Amino acid sequence: MNEALASLLHAMPELPPGHVWLAGAGPGDPGLLTLHALSALGQADVLVHDALVDPRILALATGAELLFAGKRGGRPSADQADIAATLVKLARAGRKVLRLKGGDPYVFGRGGEEALALAEAGIPFRVIPGITAGIGGLAAALIPATQRGVNQAVVFATGHGADDGDVAGGVDWAALARLGQPVVLYMAITHIAEIVRSFLAAGMPAETPAAVVSQATTPSQRVLISTLAALPADFAAAPLGTPALIVIGNIVKMRAHLLALLPDLEQVPWRGA
Ligand SMILES: C[S@@+](CC[C@H](N)C(=O)[O-])C[C@H]1O[C@@H](n2cnc3c(N)ncnc32)[C@H](O)[C@@H]1O
């Protein structure tokens, strides 16, 4: 490690006993960890992590006991209240607790609920942001989240609604369609057909470019390019693994433009070993 990097890491805040740090691990590739997260991994004596965190990242926590508290759609998952209670208990026992989540802890990661539970229990905590899948995963698929002249906003939405216990209820798909701006959907794969139907019914053009980006930033990354109307059938014909994002909007076109110019581009950052 060069000296400048070593001194940067050395000057990072200390994780004290009895504190909890809620950190994001990024969308998959360990190279997308922040230096703060790296520093925390080296300091924690217990690491409470979810299912989307790469084992190579977990391996960086050499001095930590590993506790799995994952949640995966459709599978039995750890109860959110239990996870929060575990964090509180570990902190009260004087542990140096790192809670590591995929992407960013505050983006569809229930990090806000954990932060509230810690604050209510009087446990000091810090949040270390991570690169969310909707930003990092899109970039890895050669799709810019915003592009001058193409979009003026980008919407991040969850495909899960009231069925996931979301107190805010389901998404108003018609309202999103009327915005005329790209929509990036997390946790939406199982609802792909209903979501597309809702967008079409709300008047979103059938030819709107659409993509599914699966396992973004990992060597297994795959990208399906389609249109809004054809997306469910194209996805059914070539089912991609999870986790996956759905992207709907004109920003998707950029990928084909870039690949037409530089066909090898996609393989550069995320190739396997
Ligand atoms: C529970 S949410 C967690 C999101 C996370 N906190 C973030 O900021 O990226 C899980 C969803 O994120 C998306 N996701 C996470 N990692 C991904 C990846 N590497 N590739 C594609 N989608 C991903 C998928 O839509 C998945 O269903």
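For the structure itself, look to the data block above.
Remember, predicted model here, so these are calculated numbers, not experimental data.

Peer 1: Please give an account of the environment of A233 that cites residues and values.
Peer 2: The residue A233 is located in helix α9 (residues 231-237) in this model. Given the relative accessible area of 52%, A233 is considered exposed.

Peer 1: A description of the sheet that holds strand β5 (residues 125-128) should follow, citing residues and the corresponding values.
Peer 2: With respect to topology, five strands assemble into an open sheet ordered β3-β2-β4-β1-β5, the strand pairing being parallel. Strands at the two margins of the open sheet, each flanked by one partner only, are β3 (65-68) and β5. Strand-to-strand twist in this sheet, taken as the mean axis angle between neighbours without regard to direction, amounts to 20°. Looking at chain direction, strand β2 (residues 46-49) and β3 are connected through four bridges and run parallel.

Peer 1: I'd like a description of the site of the ligand, backed by residues and values.
Peer 2: With respect to spatial proximity, 17 residues lie near the ligand, and among them P27, D104, V107, T132 and A244 are the closest. V107 places a main-chain nitrogen or oxygen 2.7 Å from a nitrogen atom of the ligand. Starting from 570 Å² of accessible surface for the ligand in isolation, the protein chains cover 88%. Here the shell around the ligand is composed, by residue class, of 12 nonpolar, four polar and one charged. Both domains that furnish three or more residues to the shell around the ligand are identified here as domain 1 (3-131) and domain 2 (134-267).

Peer 1: Explain the packing of aromatic side chains residue by residue, including any values.
Peer 2: To describe a pair of aromatic rings, you give the distance between the ring centres and the angle between the ring planes. Under the defined criterion, the tally for this structure stands at three aromatic pairs. Judged by centre distance (6.0 Å) and plane angle (85°), the ring pair of F156 and Y186 falls under edge-to-face. Residue F156 is located in strand β6 (residues 155-158), and its partner Y186 is located in strand β7 (residues 183-186); the two are separated by 30 residues in the primary sequence. Their ring planes at 85° and their centres at 5.5 Å tell us that W173 and F199 sit as a pair that is edge-to-face. Here the residue W173 occupies a position in helix α7 (residues 173-179), and F199 occupies one in helix α8 (residues 192-201), the gap between them amounting to 26 residues. Accessibility assignment for this pair places W173 and F199 in one class, buried. Joined through ring pairs, the aromatic side chains of F108, F156 and Y186 make up one cluster.

Peer 1: Summarise the packing of helix α4 (residues 80-92) against helix α5 (residues 111-120); cite the residues concerned and give the values.
Peer 2: Where α4 contacts α5, the two axes come as close as 9 Å, and the packing angle between them is 45°. Considering their axes alone, α4 and α5 lie oblique with respect to each other. For the element pair α4 and α5, the recorded crossing hand is right-handed. Between α4 and α5, the contacting residues are Q80, I83, A84, L87 and V88 on the first element and E113, E114, A117 and L118 on the second.

Peer 1: Describe in detail the pattern of salt bridges, supporting the description with residues and values.
Peer 2: Applying the stated rule across the entire model yields six salt bridges. The partner of E114 in a salt bridge is K101, and the shortest N-O contact between them spans 3.1 Å. Within this pair, whereas E114 is found in helix α5, its partner K101 is found in strand β4 (residues 97-101), the two being separated by 13 residues in sequence. For the pair formed by E114 and K101, the shared burial category is buried. The closest approach of N and O atoms between R110 and E113, which form a salt bridge, is 2.9 Å. Residue R110 is classed as partly exposed on the basis of its relative accessible area of 32%. By relative accessible area, E113 is classed as partly exposed at 39%. Within this structure, D45, E65 and R95 form a network of salt bridges that share partners.

Peer 1: Quick one: what's the story with the pairing of strand β1 (residues 20-24), residue by residue and with numbers?
Peer 2: For β1, the tally of buried residues reaches five of five residues, placing the bulk of the element in the interior. Judged by which residues are buried, β1 turns out to be covered on both faces: V20, L22 and G24 on one side and W21 and A23 on the other are all buried. When β1 meets β4, the two strands line up parallel, connected through five bridges. Directly across from W21, in β4, lies its bridge partner L98. Note: β1 against β5, four bridges, orientation parallel. Counterpart to V20 in the pairing with β5 is F125.

Criteria and thresholds
Residues numbered from 1 in each chain as written. Predicted model: local features only at pLDDT ≥ 70, side-chain atom pairs only at ≥ 80, totals over all residues. Heavy atoms only, no water. Helix = DSSP H or I, 4+ residues; strand = E, 2+ residues; numbered from the N terminus. Buried < 20%, exposed > 50% of the residue type's maximum accessible area, 1.4 Å probe, protein only. Pairing = 2+ DSSP bridges. Axes fitted to C-alpha atoms, helices over the stretch in contact; angles between N-to-C directions. Near = heavy atom within 4 Å. Polar contact = N/O pair within 3.5 Å; in protein donor to acceptor, adjacent residues only side chain to side chain. Areas by Shrake-Rupley, 256 points an atom, 1.4 Å probe, with all protein chains shown as cover. Nonpolar A, V, L, I, M, F, W, Y, C, P; charged D, E, K, R; others polar. Domains from an automatic or database assignment. Phe/Tyr/Trp six-rings, centres within 6.5 Å; stacked < 30°, edge-to-face > 60°. Parallel < 35°, antiparallel > 145°, perpendicular 65-115°, else oblique. Left-handed = near helix turned anticlockwise from the far one by under 90°. Contact = heavy atoms within 4.5 Å. Salt bridge = Lys/Arg side-chain N within 4 Å of Asp/Glu carboxyl O.

Function cannot be read off these values alone, since they describe shape.
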